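# Commentary on secondary and tertiary structure
Below are the chains, spelled out letter by letter.
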There are 2 protein chains.
Amino acid sequence: MRRNPKTPLWEQVLTDLRRRMSRGEFTSGFPTDRELMQRYKVSRHTAREAVRHLQTEGVLTRYKGRGSFVQPLSLEQRVGPLYSLFRSIEDQGHVQRSDVLELRSVRDREVAEQMGLAIATKFFFLRRLRRADGTPFAVDEIWLPEKIAAPLYEVNFEYTAVYTELERLTDARPVRGWERIRPALPSTEEQRLLGIGPRQPVFVVSRYTETHRGPLEWRTTVVRGDAYTFTTTWSNSKATSEFGVRPTKKRR
Amino acid sequence: MRRNPKTPLWEQVLTDLRRRMSRGEFTSGFPTDRELMQRYKVSRHTAREAVRHLQTEGVLTRYKGRGSFVQPLSLEQRVGPLYSLFRSIEDQGHVQRSDVLELRSVRDREVAEQMGLAIATKFFFLRRLRRADGTPFAVDEIWLPEKIAAPLYEVNFEYTAVYTELERLTDARPVRGWERIRPALPSTEEQRLLGIGPRQPVFVVSRYTETHRGPLEWRTTVVRGDAYTFTTTWSNSKATSEFGVRPTKKRR
DNA sequence: ACGTATTTGTTCGTATGTATT
DNA sequence: CAATACATACGAACAAATACG
């Protein structure tokens, strides 16, 4: 690490730590304050200033007496509407199960383009009807490059989550992504699967995830709009957003 | 402030600062580091540790050489889907204008109940068709307790934002609130106003805001779903959510 | 079960840099 | 230019929680 007189010392340390983290360098334990002081030849104060940022970002967790640990970024990403949707269902004690509608190898020009991959790319494709306590609440389609996801063909996805298996079978770690929500009307097949009428609007959530090795996932989830809402709450400028069960009282 | 040996010093300072802020004590300038040191008999480091938290929460902004200032919490709250919707329109250089459809004093049992107010409560009620460069994109209804919002009857709301006027005419400061999004189909009148068909789904955003003196606002906004989407993006676990113009490329 | 070493958290002191008034 | 105010950076010590022989 080369010292630059213009940018603060702690920031230079931070940038270097980020670089090393992105190489997966601290998977088995993050350096202690003392080690950082020695390695970067800075005071403890400066080292901690750098580390503080990783901490507030949630990338790093520190325990008094134990040490610092890189937060293994869940592929599910503890942010984003979909995560909160699936979690809120389990938080409320419901059992999630899925009907596997399709599971096969496909080529999809549009998906490949969206993910910036070659058109010939072969995808692991999984289409499921998701149920909470038996009641259907979403239709879920997911495309994963076969190069990464090939081992998943062996898994039974009625009970298992895709992310769990990905984490178990690959070393892919997410670095960024996004989800987009829009309102829509269900197709006839979606009506049948979800058990709703043609005029019952739904959420369509699109999701894209990228790892440090490249694009990982393209996903489209159609969620019953009569059963769920997306809520943002705040208190003194701190805000959290999540899907939740639709409140019974309706206005409009 | 009484010192307690169990909780950290900086936290005790922080709590006291919060208490004083909630009384509106620092509206004309926040204490300097030196003043904090003297007032609380702590080191500069400790004082800064307390202030740091206010800073990361966005409650306080500090300027090198100038001083620290309490961030006047905008009524609009720089969080939440609606804020991002209206802002994104202006960010893209479009001009926002509104047709005032209704502006009158009303009683509304359901709204009053939602806000926890007496049924007899009289509301300032405003209903507008919002346009971006002339094109309608949302129908907006807002209820405000007349006790607070009475002065607003004098304002022309074709060009002016409700929040701006509220901040100008009242001392109400928001402490918390929420927004809820659900998909819906437009009513016949909404179809006419927004210029969309009966099968064109919309977002319905409900918003509730509370000040330190009590409930302030109940709001329902119907947004064209063909023109806007709600997006959450993240990078290394930091996430931001906002409404934005609908991308042209559509899948499904 | 105990004591010691380790690691992070808190708190003090001090000095210098940089931007604003 | 001088004074002010926040930012950065060094050093030092003790507290609190944990890990380990």
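Residues numbered from 1 in each chain as written. Chains lettered and ligands numbered in written order. Predicted model: local features only at pLDDT ≥ 70, side-chain atom pairs only at ≥ 80, totals over all residues. Heavy atoms only, no water.

### Side note on the protein's contact with DNA strand D
The local shell around DNA strand D holds 21 residues, among which A:Leu9, A:Ser43, A:Thr46, A:Arg66 and B:Asp33 are the closest. The protein-proximal atoms of DNA strand D, defined as those within 4 Å of the protein, are 70% sugar or phosphate. Side-chain polar atom of A:Thr46 to a phosphate oxygen of DNA strand D: 2.4 Å apart, as the coordinates give it. The element that contributes the greatest number of residues to the surface near DNA strand D is helix 3 (residues 44–56) of chain A, accounting for three residues. (Near = heavy atom within 4 Å. Polar contact = N/O pair within 3.5 Å; in protein donor to acceptor, adjacent residues only side chain to side chain. Helix = DSSP H or I, 4+ residues; strand = E, 2+ residues; numbered from the N terminus.)

### Some thoughts on the protein's contact with DNA strand C
Lining the immediate surroundings of DNA strand C are 22 residues, of which A:Arg44, B:Leu9, B:Trp10, B:Thr46 and B:Arg66 lie closest. Near the protein, meaning within 4 Å, the atoms of DNA strand C are sugar or phosphate in a fraction of 67%, with bases accounting for the rest. Note that a phosphate oxygen of DNA strand C is positioned 3.1 Å from one of the backbone N or O atoms of B:Trp10. Here the surface near DNA strand C is composed, by residue class, of five nonpolar, nine polar and eight charged. (Nonpolar A, V, L, I, M, F, W, Y, C, P; charged D, E, K, R; others polar.)

### As for the domain arrangement of chain A
When cut into domains, chain A gives domain 1 (9–70) and domain 2 (75–231). The C-alpha-based centres of domain 1 of chain A and domain 2 of chain A are spaced at 34 Å. (Domains from an automatic or database assignment.)

### So, the nonpolar core
Residues A:Leu85, A:Phe137, A:Ile181, A:Phe243, B:Leu85 and B:Phe137 are the most contacted members of the largest nonpolar core, which totals 27 residues. Elements with a minimum of two residues in this core: helix 4 (81–91), strand 5 (135–145), strand 7 (202–211) and strand 9 (228–235) of chain A together with helix 4 (81–91), strand 5 (135–145), strand 7 (202–211) and strand 9 (228–235) of chain B. Those residues within four positions of A:Phe243 in sequence are excluded, and the remaining contacts are A:Pro81, A:Ser84, A:Leu85, A:Ser88, A:Ile181, A:Phe203, A:Val205, A:Tyr228, A:Thr229 and A:Phe230. (Core = buried A, V, L, I, M, F, W, Y, C linked by side-chain atoms within 4.5 Å. Buried < 20%, exposed > 50% of the residue type's maximum accessible area, 1.4 Å probe, protein only. Contact = heavy atoms within 4.5 Å.)

### As for the pattern of salt bridges
Considering all chains together, one arrives at 48 salt bridges over all chains under this definition. With a closest N to O distance of 3.9 Å, B:Glu49 and A:Arg52 form a salt bridge. Within this pair, whereas B:Glu49 is found in helix 3 (residues 44–56), its partner A:Arg52 is found in helix 3, the two belonging to separate chains. B:Glu49 gets classed as buried once you look at its relative accessible area, which sits at 17%. Note that B:Arg97 is salt-bridged to B:Asp99, the shortest N-O span being 3.6 Å. (Salt bridge = Lys/Arg side-chain N within 4 Å of Asp/Glu carboxyl O.)

### Considerations on the packing of aromatic side chains
By the definition in use, this model includes 21 aromatic pairs over all chains. Measuring from centroid to centroid gives 4.9 Å for A:Phe26 and A:Phe30, while their planes differ by 70 degrees, and the two rings are edge-to-face. Across the pair, A:Phe30 and A:Phe26 agree in class, each one buried. What links up through ring pairs into an aromatic cluster is the set A:Phe86, A:Phe137 and A:Tyr228. Over the face of the ring belonging to A:Tyr40 we find A:Arg39, whose NZ or CZ atom lies 5.6 Å from the ring centre. When the ring centre of B:Tyr63 is taken as reference, the NZ or CZ atom of B:Arg66 above it lies at 4.3 Å. (Phe/Tyr/Trp six-rings, centres within 6.5 Å; stacked < 30°, edge-to-face > 60°. Lys NZ or Arg CZ within 6 Å of the ring centre and 35° of its normal.)

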